[in-house]
Amino acid sequence: MQTSPSGTGRITVAEAAERTGHRAGAEVAAGRPGGTSVLLDVREPDEWHAGHVPGAVHLSLTRLCEGVPLPPEAQGRCLVVICRSGNRSRTAAGILSARGVEAVDVIGGMRDWAEAGLPVVDSRGLRGTVA
């Protein structure tokens, strides 16, 4: 794990998949992985609908900055924060850490996630794309 200038941890896609129960080849039961951390996607709604990780929870960075609370599934949990490339997730992890939430961001984001062959679904549960 690397540390960013803001002091938040940064992890690779492989580490994120391990922490959230999405290891390559792992079956995700009913869209809910069995990892120790929750994957929080901070991309905008159109990006989320085009393709996201099964079982991830969504709260855009825009909404997080507006002070919207974390979704119930993410409250009180360790968070692995992801966006398209890693820039917004780094910002979001810094905001969350400042609020006392344990959060790390994913280096390379959804682009690297998809390149690693890890699951991505659209809003209908079909094969998604990274927008």
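Note: the structure precedes this text.
Residues numbered from 1 in each chain as written. Predicted model: local features only at pLDDT ≥ 70, side-chain atom pairs only at ≥ 80, totals over all residues. Heavy atoms only, no water.

1. Quick notes on helix α1 (residues 13-20)
Along an α-helix, a turn takes 3.6 residues, which lines up residues three or four apart on a common side.
And step 1. Taken together, the buried positions of α1 are occupied by V13, A16, A17 and T20. Viewed along the axis of α1, the buried residues span an arc of 100°, placing them on a single side of the element.
And step 2. Looking at the buried residues of α1, the elements they touch are β2 (9-11), β3 (38-41), β5 (79-82), β6 (103-106) and α5 (109-115).
And step 3. Downstream of α1 by a residue or two, G21 has a phi angle that is positive, lying close to 80°. (Buried < 20%, exposed > 50% of the residue type's maximum accessible area, 1.4 Å probe, protein only. Helix = DSSP H or I, 4+ residues; strand = E, 2+ residues; numbered from the N terminus. Arc of directions from axis to C-beta. Contact = heavy atoms within 4.5 Å.)

2. Some thoughts on the environment of L64
And step 1. Tracing the backbone shows L64 in helix α3 (residues 61-65).
And step 2. Separated by 32 residues in sequence, L64 and L96 place their C-alpha atoms 8.8 Å apart.

3. Re the pattern of salt bridges
For side chains of opposite charge, pairing can occur when their charged atoms come near one another.
And step 1. Going through the model one piece at a time under the given rule, you end up with six salt bridges.
And step 2. E47 is the partner of R84 in a salt bridge, and the nearest nitrogen-oxygen pair spans 4.0 Å. With R84 in the loop between β5 and α4 (87-98) and E47 in helix α2 (residues 45-50), this residue pair connects regions lying 37 residues apart in the sequence.
And step 3. Relative accessible area serves as the criterion here: at 30%, R84 is assigned to the partly exposed category.
And step 4. Where D122 meets R124, a salt bridge forms, and the shortest distance between an N and an O atom there is 2.9 Å.
And step 5. With a relative accessible area of 9%, D122 lands in the buried category.
And step 6. Through salt bridges with shared partners, one network takes in E47, R84 and R88. (Salt bridge = Lys/Arg side-chain N within 4 Å of Asp/Glu carboxyl O.)

4. As for the pairing of β3
And step 1. Burial along β3 is two-sided: V38 and L40 and L39 and D41, pointing in opposite directions, are all buried.
And step 2. Both β3 and β5 contribute to a ladder of four bridges, which runs parallel. Note that in β5 the partner of L40 across the bridge is V81.
And step 3. Relative to strand β4 (residues 57-58), β3 is paired through two bridges, and the arrangement is parallel. From the neighbouring strand, D41 faces β4, where its bridge partner is H58.
And step 4. The parallel pair β3 and β4 is bridged by α2, and the resulting crossover is right-handed. (Pairing = 2+ DSSP bridges. Right-handed = clockwise from strand over helix to strand, strands pointing away.)

5. Some remarks on the pairing of β5
And step 1. Burial along β5 is two-sided: L79 and V81 facing one way and V80 and I82 facing the other are all buried.
And step 2. When β5 meets β6, the two strands line up parallel, connected through three bridges. The residue bridging V81 from the neighbouring strand is D105, located in β6.
And step 3. Handedness of the crossover is the feature at issue here: the chain leaves β5, passes through α4, returns alongside β6, and the resulting connection is right-handed.

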